[in-house]
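Inside the fold
What follows is each chain in one-letter form.
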Amino acid sequence: MIAGLVLATNACTLDSRDATPPSTTLIVALGGDPGALNPAVTTSGGTHPVTDQIFNGLVGLDQQLNPVPELAERWTIEDDGRTYRFTLRTGVRWHDGAPFTAADVKFTFEEALLKYHSRTRAALEGLFDRIETPDDLTVVIRLKRPYGPLLQRLDVVEASIIPRHQYAGQDLLSGEPTRRPLGTGPFRFVSYAPGDRLVLQRNPAYFREGLPGLDRIVFRVLPNPATSVAALQSGDVDFIGNVPGPDVGRLRRRPDMAVVPSTGSSGGSVCQDVLIPNLTRPPFNDLRVRRAFAHALDRRFIVDRVYYGQGQPATGPISRLLTWAYTPEVRQYPHDQEAARQLLEQAGLKARPDGSRFSITFTHANNHQRLAQVLREQLKAVGITLELLTVDFNAQVEQVFVKKTFDLGLASFCNGADPDIGVRRVYVSSNIGPYPFSNGAGYRNPRIDALFDEASQMVDRPSRRARYVEIQEVLAEDVPYFWLIDSEGLRAHRTAFTGFRLWTGAAFETVRPTTVASR
């Protein structure tokens, strides 16, 4: 038996709640609890690493982010781009044995994605005319106008299909089905102990012959990145989704480890870490304060010392990695403490004898404590007192996006394969509401709404790029968010396993041991 698999087996047997695992068990470190397991209502990077192994989309995405068949085996585009006709695979079944049909697709879009999924809702809510299901294996999506990026929005990350027979009449956000999910995907749900671990096992009836290549996946909740790295080194886990900068060199020197770059994840691809000011109340309802805050941030220091160089300082709302839509030619806010102080004076926020001007609370997850401490020191230099409120990831999402009880929050917003997928939802006014990873700042600008609408209706990229350039120019003037870093993350796994697809949410479907273990 190869070493990696021996260690993985030993890791699983530490907990008497798990039966003795099969030889091909992959242990994955999770940075936080995944929470409710309904991927059709959230873009959470804590939920999707698990659910993207359980569910499927109508289409998948290849390594170039082009659409490929998944639950839909083929499709046609009709009526000058206003109608998409999908033919579904035959013989696909939910994990409880019930047949997958067109009714599940219609239910998923109408009752989940278009109501709760922040990226899908932001772009498609006013675009869909109707969804028709002429038979069990045909879905016809009729749009009010042409929409170029639709197929890129239909993978497991953006549009996981959920079972109508399980969810009809249930609470889609936190009801019983969110605790025992049924999918069509390569792995079936087994158990979930919050704060500890979640177990999936191979779906023997999966529609892709020969897959998955693993018998079981165990997700262990390890919020501390240092703990995850230590667990990887000791063999207690086999895959970590984030490698802290100080550990990169050490892991790369080990022959039993692979450290690989990735701009994608189960929460999406081409991501940015962004500070979220609450624009609905002082002090961030004042543009001068927002610009002062932006000048107070030393992004290069943050990228180098907090993120250890795994990315570049962000210049605006679209990542430089989305090259066809990105422009750096927008208003910039270089680190300039004196400019920040002057803007705060103009806003009437005078310095007290001790140098302080006002205080705000930064609500952040426990895995961002180092960032929080650096922000506190940088802002203190211009008279802003940053109180730190550290909570778990799901509590942060609840306070910032749902309850709106915050001054300053943080999110990793993923641009996706197209700005209409991941950028639009953060800025359009129609996406202000109690939805995770939506327009949390409460930003409203009719011109921005109109530009996103115009870009989505165009097909040729030069015309679309012109709209996205103007969007970046307007947002850089308004500063509705504080863009920190265009992320370029590193993942690490034991070389006992191969076949990771790190550009897609379904990263583990094709993973196999590098050699067959003998028992």
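Residues numbered from 1 in each chain as written. Predicted model: local features only at pLDDT ≥ 70, side-chain atom pairs only at ≥ 80, totals over all residues. Heavy atoms only, no water.

Of regular secondary structure, the protein chain possesses 16 helices and 23 strands. A compact globule built from 519 residues should have a C-alpha radius of gyration of about 24 Å, and the protein chain, at 23 Å, falls within 12% of that. Seen through its C-alpha atoms, the protein chain measures out along the principal axes to roughly 70 × 55 × 40 Å. Burial analysis of the protein chain (519 residues in total) assigns 60% to the buried set. Contacts spanning at least 24 positions in sequence make up 70% of the contacts within the protein chain whose residues lie at least 6 apart. For the protein chain, the accessible area works out to roughly 19400 Å², and carbon and sulfur atoms hold 48% of it. Each charge class in the protein chain was averaged separately, 59 positive and 57 negative side chains, and the resulting centres sit 2 Å apart. (Helix = DSSP H or I, 4+ residues; strand = E, 2+ residues; numbered from the N terminus. Rg over C-alpha atoms; globule rule 2.2 N^0.38 Å. Buried < 20%, exposed > 50% of the residue type's maximum accessible area, 1.4 Å probe, protein only. Contact = heavy atoms within 4.5 Å. Areas by Shrake-Rupley, 256 points an atom, 1.4 Å probe, with all protein chains shown as cover. Lys, Arg positive; Asp, Glu negative; His and termini not counted. Charge placed at Lys NZ, Arg CZ, Asp CG, Glu CD.)

Right, let's get into helix α10 (residues 337-346). Burial in α10 covers these residues: Ala339, Ala340, Leu343 and Leu344. Buried residues in α10, looked at end-on, bunch into an arc of 135 degrees, giving them a common side. Packing partners of the buried residues in α10 comprise α8 (287-296), β17 (358-365) and β18 (384-391). Its side-chain oxygen 3.2 Å from the backbone nitrogen of Glu338, Asp336 forms the N-cap of α10. Two residues or fewer past α10, Gly348 is found with a positive phi of approximately 85 degrees. (Arc of directions from axis to C-beta. Polar contact = N/O pair within 3.5 Å; in protein donor to acceptor, adjacent residues only side chain to side chain.)

This part takes up the sheet that holds strand β5 (residues 83-88). Across the sheet, 4 strands lie side by side as β4-β5-β7-β6; this open sheet has antiparallel pairing. In the strand order of this sheet, the two ends are held by β4 (72-78) and β6 (128-135), each with one partner. Across the sheet, the mean angle separating the axes of adjacent strands is 15 degrees when strand polarity is ignored. Sheet topology note: the β5/strand β7 (residues 138-143) ladder contains 5 bridges and is antiparallel. When the bridges of β7 are listed, Tyr84 appears paired with Ile141. Strands β5, β6 and β7 of the sheet are contacted by helix α3 (residues 102-116), whose axis makes an angle of about 160 degrees with β6. (Pairing = 2+ DSSP bridges. Axes fitted to C-alpha atoms, helices over the stretch in contact; angles between N-to-C directions.)

Moving on, we come to the packing of helix α15 (residues 446-456) against helix α16 (residues 461-478). The relative placement of two packed helices comes down to the angle between their axes together with the axis-to-axis distance. Contact geometry for α15 and α16: axes closest at 9 Å, N-to-C directions at 160 degrees. Taken together, the axes of α15 and α16 are roughly antiparallel relative to one another. Between α15 and α16 lies a crossing of left-handed hand. Contact with α15, carried on its side by Arg447, Ile448, Leu451, Phe452, Glu454 and Ala455, involves Arg464, Arg467, Tyr468, Glu470, Ile471, Val474 and Leu475 of α16 and no other residues of that element. (Parallel < 35°, antiparallel > 145°, perpendicular 65-115°, else oblique. Left-handed = near helix turned anticlockwise from the far one by under 90°.)

A few words now on unusual backbone geometry. Following Leu211, the chain continues to Pro212 via a peptide bond in cis, the omega torsion being 0 degrees. Residue position: Pro212 is located in the loop between β9 (197-202) and β10 (216-221). Put simply, Pro282 and Pro283 share a cis peptide bond, and its omega is 5 degrees. Position of Pro283 among the secondary structure elements: in the loop between β15 (271-277) and α8. Positive phi values are uncommon outside glycine, yet Asp79 reaches one of about 55 degrees. Structurally, Asp79 is set in the loop between β4 and β5. Taking the relative accessible area as the measure of exposure, Asp79 reaches 47% and is therefore partly exposed. In this structure, Phe437 takes a positive phi of about 60 degrees despite not being glycine. For Phe437, the position within the fold is in the loop between α14 (424-427) and α15.

Here we come to the confidence of the model for the protein chain. For the protein chain, per-residue confidence averages 90 on the pLDDT scale, and 94% of positions sit at 70 or higher. In this model residues 1-22 is a low-confidence stretch, pLDDT under 50, and it forms 50 contacts with partners more than four residues away in sequence or in other chains. (pLDDT = per-residue confidence, 0-100.)

In this structure, the second largest pocket occupies an estimated 530 Å³ of space. Around the second largest pocket sit 23 residues that line it, and Gly35, Ala36, Leu173, Asn394 and Glu398 are the ones nearest its centre. Here the element with the most residues in the lining of the second largest pocket is helix α12 (residues 393-403); it accounts for 5 residues. (1 Å grid on protein atoms, 1.4 Å probe; cavity = no way out; pocket = protein on both sides within 12 Å on 5 of 7 lines; lining within 4 Å. Points joined across faces, edges and corners; volume = space filled by probe spheres on them.)

Between helix α9 (residues 299-306) and helix α11 (residues 369-380), the shortest axis-to-axis distance is 11 Å and the interhelical angle comes to 150 degrees. It follows from the interaxial angle that α9 and α11 lie roughly antiparallel. Between α9 and α11 the crossing geometry is right-handed. Residues Phe301, Ile302, Arg305 and Val306 of α9 pack against Arg370, Leu371, Val374, Leu375 and Gln378 of α11. Residue composition of the contact of α9 with α11, grouped by class: 6 nonpolar, 1 polar and 2 charged. (Nonpolar A, V, L, I, M, F, W, Y, C, P; charged D, E, K, R; others polar.)

Okay, the sheet that holds strand β12 (residues 257-262) next. One open sheet accounts for 7 strands, arranged β8-β9-β10-β1-β11-β21-β12; its pairing is mixed. Every interior strand has two partners, whereas the edge strands, β8 (187-193) and β12, have only one. Pairing of strand β1 (residues 25-30) with strand β11 (residues 239-240) involves 2 bridges; the strand directions are parallel. Counted as the bridge partner of Val28 is Phe239 from β11.

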